[in-house]
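# Report on the structure
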Amino acid sequence: MPLFDDAIDAAARSTLAACARRGLTLATAESCTGGLLAGALTEIPGSSAVVERGVVTYSNAAKTELLGVPSALFESVGAVSEEVARAMVEGLLARAPVDLALSVTGVAGPGASERKPEGLVFLAVGLRDKEVLIVRETFGAIGRGAVRLNSVRRGLSMLEDMAVLSE
């Protein structure tokens, strides 16, 4: 029985193939997805040729300790923000021997606020020594699992797009 649906499986395969064609390795830094992105990638046989690591940094302390996210960012903009997503991917690229990195932070729900509603997710993707691309998604109050899986789909798409643009 497959762990992920056909769309996620196909996206993971396509992402890995795009990276392999270009000789890229990748890593993920995940908060609200809790490792699902890395899980979708590593579900594919042969993924170890591309995937170097995945880090689940669910707490703010983990984001600071493992990725170097400045703790002041949590006080000023909160964990679910463009700034934290950027700091997560930049920290991962600084610490991992990879070419490509993706981070995700968001509110899967329940427990949203007016400023940060359920379904608000920030994803950042970066190639070493290149500009970081950040996307803000508002999936809405579609349920915790659906927000997480939609984040995985979007993250895989971003990784593949960045791999293709790396040429």
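A brief look at the structure comes next. Note that the coordinates shown come from a computational prediction; the quantities given were computed from them, not determined experimentally. (Residues numbered from 1 in each chain as written. Predicted model: local features only at pLDDT ≥ 70, side-chain atom pairs only at ≥ 80, totals over all residues. Heavy atoms only, no water.)

## Quick look at the pairing of strand 4 (residues 120–127)
This is how the line gets drawn: Residue burial is assigned from relative accessible area. The probe radius is 1.4 Å, only protein chains are included, and a residue is buried under 20% of its type maximum, exposed over 50%, and partly exposed in between. Numbering of helices and strands starts at the N terminus; helices are DSSP runs of H or I of at least 4 residues and strands are runs of E of at least 2. In this description, strands pair whenever DSSP reports at least two bridges between them.
Most of strand 4 sits inside the fold, with eight of its eight residues counted as buried. Alternating residues of strand 4 divide into L120, F122, A124 and G126 and V121, L123, V125 and L127, and every residue in both groups is buried. When strand 3 (residues 100–106) meets strand 4, the two strands line up antiparallel, connected through seven bridges. Paired with G106 across the bridge in strand 4 is V121. Relative to strand 5 (residues 132–138), strand 4 is paired through seven bridges, and the arrangement is antiparallel. Within strand 5, the residue paired with G126 across the bridge is V132. Linkage of strand 4 to strand 5, two consecutive antiparallel strands, is achieved through a turn of four residues, within which D129 is found at a positive phi near 65 degrees.

## A word on the environment of R86
So the rule is basically this: Contacts are assigned to residue pairs that have any heavy atoms within 4.5 Å of one another.
Inspection of the secondary structure puts R86 in helix 5 (residues 82–95). Of the residues examined, R86 reaches a relative accessible area of 29% and is grouped as partly exposed. Sequence separation between R86 and L24 is 62 residues, and the spatial gap between their C-alpha atoms is 20 Å. Residues within four places of R86 in sequence aside, it is in contact with A124, V132 and I134.

## As for the sheet that holds strand 3
In plain terms, the rule: Orientation is described by axes fitted as lines to C-alpha atoms, over the contacting stretch for helices, and by angles from 0 to 180 degrees between their N-to-C directions.
Spatial strand order, 2-1-3-4-5: five strands in an open sheet with mixed pairing. Of all strands in the sheet, those with a lone pairing partner are strand 2 (51–56) and strand 5, marking the two edges. Pairs of neighbouring strands in the sheet enclose a mean axial angle of 10 degrees, with direction left out of account. By the bridge criterion, five bridges tie strand 1 (residues 26–30) to strand 2 in an arrangement that is parallel. Residue T28 lies in a different strand from strand 2, and its bridge partner there is G54. Packed on one face of the sheet, helix 6 (residues 144–165) meets strand 1, strand 3, strand 4 and strand 5 and runs near 20 degrees to strand 4.

Purely geometric numbers; function is a separate question.
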